[in-house]
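Overview (structure and organization)
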Amino acid sequence: PFRVSAAAPSAPAQLAGSSRRAPLPGAEGASSGRLRWAWAEGSGRGSGLGAATMKKEQVLHCQFSAWYPRFRALTIRSAILPLPQNVKDYLLDDGTLVVSGRDDPPTCSQEDSDDDQAEEIQWSDDENTTTLTAPEFPEFALKVQEAITSLGGSIFPKLNWSAPRDAHWIAMNSSLKCKTLSDIFLLFKSSDFITRDFTQPFIHCTDDTPDPCLEYELVLRKWSELIPGAEFRCFVKENKLIGISQRDYTQYYEHISKQNDEICRCIQKFFKKHIQYKFLDEDFVFDVYRDSMSKVWLIDFNPFGEVTDSLLFTWEELTSGKNLKGDHSEGEAMEQDDPAFRCTNSKVTVQPSPYLSYRLPKDFVDLSTGEDVHKLVDFLKLKRNQQDDD
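Below: a short report on this structure. Every value quoted in this text rests on a predicted model; they were computed, and no experiment measured them.

Overview of the overall build of the chain
- Counting secondary structure elements, the chain contains twelve helices and eight strands.
- Taken across its 390 residues, the chain has 46% of its residues classed as buried.
- Contacts in the chain between residues at least 24 apart in sequence constitute 76% of all its contacts with a sequence separation of at least 6.
- Of the roughly 20900 Å² of accessible surface on the chain, a fraction of 50% belongs to carbon and sulfur atoms.

See the structure below:
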């Protein structure tokens, strides 16, 4: 059987292309095929069994611009810029990746240019060879750079809902830290999460009403060095905090296991004081960060439904309420109103990052998991023909 390591070295940024893109079933009408079942910077682990009923209105309420003005004082300073249609078209273009938005394009004197033209050598025999050039968006680029400067010179980018967490491997610094528009474009054009924001924002919504018209926005958040072990995801049903999960569930953090009661109390106090009855829906998910001074910061809101990663819970547990508190610490009685708290409590349960598979072409991933039978058959036929030739 064919196996592919999910930890394969990442390809250089210059080689990023469209070979990894393949449409999901039922997504033939989408303008790009880089779609995966994932949402809100998560990995899509949530089970569809017993999933909550999710309306398009709930998705709209989780747009960054819908909640940021109301909770501005509780979260990271950010800027919101309308996304021009031509920029959206460029981000959705399925051709070879050519990054635009450079701040310092190379320049040369007229004399140097003449010398270069005299010494130019045509290396290609193909008369139809064309040179790809990146489109330029000077007005938009200026607004973005001004916003980045106002936020301290480094930012974390996202669209209305999602950030390109699945594409951090392609950046030169292997990070989502951006300083220029070209940094943002590189991440956005390489991200399945961003494409899903554009093409299927209301996937899994149960209402049959026409999709609302959307105004897409580029969200720039002031760069902050956040420790993954201090991030938590909170699940709210009927305005009651029912569950808290360690955000980076693939790793074991000793301090979380030791301080879970204190962490739970801090988050619950923050919820009751700042979030409860103030959000636009009664069922929702929100992410928080607890700093070294035990202060809790709001990071994001997500819909209460299977498009949001349920992390260490399942959606069946969250919607039914069954077994939510069954794995709490032994001999520890929980108050009726206390939320269930789950964390990775052993190094034995550490898992690889769910984003590793995005480093590989989707054809390789499908082969390794057996999701696409036709690709597997073609691969086996190819191997057999090679053996016959040998």
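What follows picks up the thread again.
Digging into the side chain of Arg221
- On the secondary structure map, Arg221 appears in strand β3 (residues 217-222).
- Engagement of the side chain of Arg221 in a polar contact is seen with the backbone oxygen of Ile299, the distance being 2.7 Å.
- Setting aside chain neighbours within four positions, we find Arg221 in contact with Phe64, Trp67, Thr75, Ile76, Arg77, Ser78, Leu151, Ser154, Ile155, Phe156, Lys158 and Ile299.

What about the nonpolar core?
- Counting residues in each nonpolar core, the largest one holds 73 residues, and the members touching the most others are Leu220, Phe286 and Phe301.
- A total of seven residues in this core trace back to one element, the largest contributor, which is helix α9 (residues 260-275).
- When neighbours within four sequence positions are excluded, Phe286 is seen to be in contact with Phe232, Arg233, Cys234, Val236, Leu241, Phe271, Leu298, Asp300 and Phe301.

Section: helix α6 (residues 181-189)
- Counting buried residues in α6 gives eight out of nine residues, a clear majority hidden from the surface.
- Along α6, the residues that are buried comprise Leu181, Ser182, Ile184, Phe185, Leu186, Leu187, Phe188 and Lys189.
- Structurally, α6 contributes buried residues whose contacts are with α3 (85-92), α5 (138-150), β2 (155-158), α7 (192-199) and β3.

A closer look at the sheet that holds β3
- With antiparallel pairing, three strands are arranged side by side in an open sheet as β1-β3-β2. Looking at the sheet topology across the chains shown, the edges are occupied by β1 (78-82) and β2. Across the sheet, the mean angle separating the axes of adjacent strands is 20 degrees when strand polarity is ignored.
- The pairing of β1 with β3 spans five bridges and is classified as antiparallel. Within the sheet, the bridge partner assigned to Pro82 lies in β3 and is Glu217.
- Packed onto the sheet, α6 meets β2 and β3 and runs at close to 40 degrees relative to β2.

Notes on the pairing of strand β5 (residues 240-246)
- With six of seven residues buried, β5 is to be regarded as a mostly interior element.
- Here strand β4 (residues 231-237) pairs with β5 via six bridges, running antiparallel. Paired with Phe235 across the two strands is Gly243, which belongs to β5.
- Where β4 folds back on β5, the antiparallel hairpin that results is connected by two residues, among which Glu238 adopts a positive phi of roughly 55 degrees.
- Note that β5 and strand β8 (residues 340-342) share three bridges and pair parallel. By the bridge assignment for β8, Gly243 is matched with Ala340.

Regarding the packing of aromatic side chains
- Throughout the structure, instances matching the rule amount to 19 aromatic pairs.
- An angle of 55 degrees between the planes, with centres 4.9 Å apart, marks the rings of Phe198 and Tyr216 as tilted. Of this pair, Phe198 sits in helix α7 while Tyr216 sits in the loop between α7 and β3, and the two are 18 residues apart along the sequence. Neither residue differs from the other here; Phe198 and Tyr216 are each classed as buried.
- An angle of 50 degrees between the planes, with centres 4.6 Å apart, marks the rings of Phe279 and Phe284 as tilted. Each member of the pair Phe279 and Phe284 is classed as buried.
- Through a chain of ring-to-ring contacts, the aromatic side chains of Phe64, Trp67, Tyr68, Phe71, Phe271, Phe279, Phe284, Phe286 and Phe301 assemble into a single cluster.
- Note that Lys189 overlies the ring of Tyr90, its terminal NZ or CZ placed 4.6 Å from the centroid.

Focus on the pairing of β4
- Counting buried positions along β4 gives six out of seven residues, so the element sits mostly inside the fold.
- As paired elements, β4 and strand β6 (residues 284-290) share six bridges and run antiparallel to each other. The residue bridging Cys234 from the neighbouring strand is Phe286, located in β6.

Reading the values: the criteria
- Residues numbered from 1 in each chain as written.
- Predicted model: local features only at pLDDT ≥ 70, side-chain atom pairs only at ≥ 80, totals over all residues.
- Heavy atoms only, no water.
- Helix = DSSP H or I, 4+ residues; strand = E, 2+ residues; numbered from the N terminus.
- Buried < 20%, exposed > 50% of the residue type's maximum accessible area, 1.4 Å probe, protein only.
- Contact = heavy atoms within 4.5 Å.
- Areas by Shrake-Rupley, 256 points an atom, 1.4 Å probe, with all protein chains shown as cover.
- Polar contact = N/O pair within 3.5 Å; in protein donor to acceptor, adjacent residues only side chain to side chain.
- Core = buried A, V, L, I, M, F, W, Y, C linked by side-chain atoms within 4.5 Å.
- Pairing = 2+ DSSP bridges.
- Axes fitted to C-alpha atoms, helices over the stretch in contact; angles between N-to-C directions.
- Phe/Tyr/Trp six-rings, centres within 6.5 Å; stacked < 30°, edge-to-face > 60°.
- Lys NZ or Arg CZ within 6 Å of the ring centre and 35° of its normal.

All quantities given are derived from atomic positions and should not be read as evidence of function.
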